[in-house]
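# Secondary and tertiary structure notes
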Amino acid sequence: LIDIQKSVILDDQDSDKFMTLGYLRSIYLDQVEKGLKDLNKAIDMNPGNSLAYLLRGNVNRLMAEKSKAKFFSAADYKESELQKIIQFNNASINDFSKSIEYYKNDFNTYYKRLFPFGYLHYSYGSRGSVYYNLGADYKEFRGIRNKELSKKFLNLSLSDFDLLIEYAPTIDEVENLKNPSKEFEVDFVKLTGHTWKGDTYSWLNKFATACKNWRK
C-alpha cells in the first residue's frame, strides 16, 4: 500500500494507480470511504476504465452486504438501512454493467496475473450474484417480500450465469495455470456457473432443472 501511495504522489494522473489504491483501502484496510473516493477518481480520470468499475462494484456489493446484515439483525426493520441496501446494490449493478460495456481483452498486462483468463466472466458472475441475492431476499424476508421482483431478479441472474459459463475457464484450465497470483480467485469457473444456476432454479421452484445444473 505504501508503494502504491508513493507511486500516486509521483504520478497523480494514472487512473490505474488510483484504482489499485482505492481497492486495497476498501477491501483490505476497511477504509471504504477513502477507497471509494480513490475509485471514483480513477473512473473520473478514465471513464472507460472497465476494471475500475468491476472493483468499485465489488466494494459497493460489500457495502450492500454489510447494510443487509444490520437490517436483518435488528429487532425492527429500519427504512434507512433498507434504502442503503437498495442504494449499494443498484450502484454495484451499474458498475458491473459498465465494466461489461467497456471490457477489452487487451487490458493492462500488470493485472493479467490476477485475471489470466480476462475478467468478463467475473463481471457477469458478480452482477448475476447481486441479482440472485436480491431475488432471494425479495422472496424470503418479511417486510420486503415481493413475488414479481423476486422472479425478475432471479431470471436476470440466470442470464448472467449463462454468460459466466460461456466466458469462464474450466476447472482444468485453472488447475493447469503456471505460477498463479496468490490473489487469483478460483470461484468464477464454468462449474460454479452451473452450481449457481441450480441454486437459482431452486428459488424459482424448478427443482428438476436445478438438479440438472447441480449434476454438471
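Remember, predicted model here, so these are calculated numbers, not experimental data. (Residues numbered from 1 in each chain as written. Predicted model: local features only at pLDDT ≥ 70, side-chain atom pairs only at ≥ 80, totals over all residues. Heavy atoms only, no water.)

For the pair helix α6 (residues 120-140) and helix α7 (residues 147-167), interaxial distance at closest approach is 7 Å and the crossing angle is 160°. Compared by their axis directions, α6 and α7 come out roughly antiparallel. The two elements α6 and α7 cross, and the hand of that crossing is left-handed. Within the contact of α6 with α7, the residues separate by chemical class into 15 nonpolar, seven polar and three charged. (Axes fitted to C-alpha atoms, helices over the stretch in contact; angles between N-to-C directions. Helix = DSSP H or I, 4+ residues; strand = E, 2+ residues; numbered from the N terminus. Parallel < 35°, antiparallel > 145°, perpendicular 65-115°, else oblique. Left-handed = near helix turned anticlockwise from the far one by under 90°. Nonpolar A, V, L, I, M, F, W, Y, C, P; charged D, E, K, R; others polar.)

One pass over the structure, following the stated rule, counts eleven aromatic pairs. Seen from their ring centres, F188 and W196 are 5.6 Å apart, and the 85° between their planes marks the pair as edge-to-face. Among the aromatic residues, those joined into a cluster by ring pairs are Y103, F107, F115, Y119, Y122, F161, F188 and W196. The ring of F107 is capped by K112, whose NZ or CZ atom sits 5.1 Å from the centre of that ring. The cationic tip of K152 hangs over the ring face of F153; the distance from NZ or CZ to the ring centre is 5.5 Å. (Phe/Tyr/Trp six-rings, centres within 6.5 Å; stacked < 30°, edge-to-face > 60°. Lys NZ or Arg CZ within 6 Å of the ring centre and 35° of its normal.)

Turning our eyes to something else, we now look at the side chain of S67. Residue placement: S67 occurs in helix α4 (residues 50-73). The buried category is assigned to S67, whose relative accessible area is 6%. In this structure S67 touches E81, K84, I85 and F88, once residues within four positions along its chain are discounted. (Buried < 20%, exposed > 50% of the residue type's maximum accessible area, 1.4 Å probe, protein only. Contact = heavy atoms within 4.5 Å.)

With that settled, consider the packing of α4 against α6. One way to put it is that α4 packs onto α6 with a least axis distance of 11 Å and a crossing angle of 20°. Between α4 and α6, the angle falls in the class roughly parallel. For α4 against α6, the interelement crossing comes out left-handed. Between α4, through L54, N58, R61 and K68, and α6, the contact on the second element is made entirely by Y122, S123, S126, S129, V130 and D137.

Before going further, it helps to examine the pattern of salt bridges. A side chain of one charge can pair with a side chain of the opposite charge when the charged atoms of the two come close. Summed over the entire model, instances satisfying the criterion amount to seven salt bridges. Residue D30 is joined to K66 by a salt bridge in which the shortest nitrogen-to-oxygen separation is 2.9 Å. Here the residue D30 occupies a position in the loop between α2 (15-28) and α3 (32-45), and K66 occupies one in helix α4, the gap between them amounting to 36 residues. Taking the shortest distance from any N to any O, the salt bridge between K197 and D162 comes out at 2.7 Å. Taken together, the residues K197 in helix α9 (residues 190-203) and D162 in helix α7 connect sequence positions 35 residues apart. (Salt bridge = Lys/Arg side-chain N within 4 Å of Asp/Glu carboxyl O.)

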